[in-house]
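Chain and residue survey
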Amino acid sequence: MSLFNVFDIASSALTAQSERLNVTASNIANADSAAGPDGKAYRARQVVFQAVPGQESNGTAKVKVAGIVEDNTPSRQVYDPKHPLADAQGYVTMPNVSVVDEMVNMLSASRSYQSNVEIMNTAKNLLLKTLTLGQ
Amino acid sequence: MAIDRLDQMLQFQSEALKLRSQRQELLAANIANADTPQYKAVDIDFGQALAAATAPGAGTSGTSAAPSVLYRVPTQSSLDGNTVEMDVERAQFADNTVRYEAALRVLNAQIKAMLIALQG
């Protein structure tokens, strides 16, 4: 029954999008963390989505987070000689988080999440209507 | 023979329902992969698939071959190689939902008509 697979596909997308939302939240929360657990500035992280073809090769694909990679854009240098972490020239290394990019990421993730919830609801309604067939 | 006739009467709509649910799954997969780089949106040609499934000698229902999956041609390309266009997919998904329900209603009406004929 194909309609049951819709639940699997949509829920894989819900999991992936919520993980993306999680990473985005972490990035925004740490946008000004000059020192992480290793003593260095926080580095932004991004999720990598990957399509996972279904078991029966009928063209459908779920989605999964293949991995979380560190953003390799250079860290921000802020001139603040009074800061305890400032170097000899008075610059502090700040995280490479772009708050604007992360806001866009957050909006995109939440919209995609909503879409997939709607897909699940539609599939549920169709299944319930199919159950009443012949009554 | 009588059972076969009954089966024949309901075959068209049940094949249509099966194809609609398969298409629903494909469209859900497209929407799920809307943010996956290099993912190519897929769909089936419903008319062609239904014609193939209900053609005389296409095999008894339940053993019909899977419809061929085609790639959608995007109207606007994206930088990450993804060809899912959310507006198109959502429109097709809504369209497919309504048509699934339509097929369901017709099938229901056919069953009811046959029940009336049987019970008198």
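Numbers given to residues run from 1 along each chain, matching the order in which its sequence is written. For this description, chains carry letters from A and ligands carry numbers from 1, given in the order in which they are written. Two thresholds apply to this predicted model, a pLDDT of at least 70 for residue-level local features and 80 or more for giving and counting side-chain atom pairs, whereas whole-chain, interface and lining totals are computed over all residues.

Further remarks concern the overall build of chain B. Think of it this way: any DSSP run of H or I at least four residues long counts as a helix, any run of E at least two long counts as a strand, and we number them from the N terminus. The helix and strand inventory of chain B stands at three helices and two strands. We compute the radius of gyration from the C-alpha atoms alone; for a globule the expected value is 2.2 Å times N to the 0.38, where N is the number of residues. Taking 14 Å as the expected radius of gyration for a compact globule of 120 residues, we find that chain B reaches 18 Å, considerably beyond that expectation. Across its three principal directions, the C-alpha atoms of chain B cover 65 × 25 × 20 Å. Remark: C-beta atoms are placed from the backbone, and a residue is labelled buried if 20 or more other C-beta atoms sit within 10 Å of its own, exposed if 12 or fewer do, or partly exposed between those counts. Across the 120 residues that make up chain B, the buried fraction comes to 32%. Contacts here follow a simple rule: the backbone-placed C-beta atoms of the two residues must lie within 7 Å. Across chain B, contacts joining residues at least 24 apart in sequence account for 80% of those joining residues at least 6 apart.

Take the confidence of the model for chain B next. Within a predicted model, pLDDT stands for the predictor's per-residue confidence, ranging from 0 to 100. Overall, the prediction assigns chain B a mean pLDDT of 89, with 92% of residues at 70 or greater. Predicted as a complex, the structure gets a pTM of 0.87 and an ipTM equal to 0.84.

In terms of nonpolar packing, the biggest core is built from 34 residues, with A:Val6, A:Ile9, A:Ala10, B:Ala28, B:Ile31 and B:Ala32 touching the most fellow members. For this core, the elements supplying multiple residues, two or more each, are helix 1 (2-29), strand 1 (45-53), strand 2 (61-70) and helix 2 (99-131) of chain A together with helix 1 (2-32), helix 2 (46-54) and helix 3 (86-119) of chain B. Looking at this core element by element, the count peaks at nine residues for helix 1 of chain B. Residue contacts for A:Ile9: discarding those within four places in its chain leaves A:Thr60, A:Lys62, B:Glu25, B:Ala28, B:Ala29 and B:Ala32. Nonpolar cores are identified as sets of buried Ala, Val, Leu, Ile, Met, Phe, Trp, Tyr and Cys residues joined via C-beta atoms within 7 Å.

It is worth spelling out the packing of helix 2 of chain A against helix 3 of chain B at this point. The convention used is that axes are lines fitted to C-alpha atoms, helices contributing only their stretch in contact, and that angles between N-to-C directions extend from 0 to 180 degrees. In contact at an axis separation of 11 Å, helix 2 of chain A and helix 3 of chain B are set at 5° when each is read in the N-to-C sense. For the element pair helix 2 of chain A / helix 3 of chain B, the angle class is roughly parallel. Between helix 2 of chain A and helix 3 of chain B, the residues in contact are A:Thr122, A:Leu126, A:Lys129 and A:Thr130 and B:Thr97, B:Tyr100, B:Glu101 and B:Leu104, respectively. In terms of residue class, the contact of helix 2 of chain A with helix 3 of chain B is built from three nonpolar, three polar and two charged. Roughly parallel here means an angle under 35 degrees, roughly antiparallel means over 145, roughly perpendicular means 65 to 115, and every remaining angle is called oblique. We call Asp, Glu, Lys and Arg charged. Ala, Val, Leu, Ile, Met, Phe, Trp, Tyr, Cys and Pro are nonpolar, and the rest, Gly among them, are polar.

What follows is about the interface of chain B and chain A. Contact residues are listed per partner, giving 25 residues for chain B and 29 residues for chain A. Breaking the side of chain B that touches chain A down by element, the ones donating at least two residues are helix 1 and helix 3 of chain B. Classifying every residue of the side of chain B that touches chain A by side-chain character gives 15 nonpolar, seven polar and three charged.

This next bit is on the packing of helix 1 of chain A against helix 2 of chain A. Residue and element names in this part refer to chain A. At a closest axis distance of 9 Å, the pairing of helix 1 and helix 2 adopts a crossing angle of 160°. Of the possible angle classes, the one that applies to helix 1 and helix 2 is roughly antiparallel. Handedness of the helix 1/helix 2 crossing: left-handed. Each residue belonging to the contact of helix 1 with helix 2 can be placed in one class, and the counts come to 17 nonpolar, eight polar and two charged. In this scheme the crossing of two helices becomes right-handed for a clockwise turn of the near helix relative to the far one and left-handed for an anticlockwise turn of less than a right angle.

What follows covers unusual backbone geometry. A negative phi holds for most residues other than glycine; trans holds for most peptide bonds. All names here are of chain B. A positive phi is found at Gln-38, a non-glycine position, where the angle reads about 70°. Tracing the sequence through the fold places Gln-38 in the loop between helix 1 and strand 1 (42-43). Overall, the presence of 12 C-beta atoms within 10 Å leaves Gln-38 in the exposed class.

Turning next to the confidence of the model for chain A. Per-residue pLDDT for chain A has a mean of 92; in total, 99% of the residues score no lower than 70. No element of chain A has a lower mean pLDDT than strand 3 (residues 76-79) of chain A, which averages 92, and none a higher one than helix 2 of chain A, which averages 95.

Bringing helix 2 of chain A into the picture now. Every α-helix carries 3.6 residues per turn, so stepping three or four residues along brings you back to the same face. By this rule, a helix spans an expected 1.5 Å times one less than how many residues it contains. With 33 residues, helix 2 of chain A should reach 48 Å at 1.5 Å per residue; the first-to-last C-alpha distance of 48 Å fits that figure. A:Glu102, A:Asn105, A:Ala109, A:Ser112, A:Ser115, A:Asn116, A:Ile119, A:Thr122, A:Ala123 and A:Leu126 are the residues of helix 2 of chain A that are buried.

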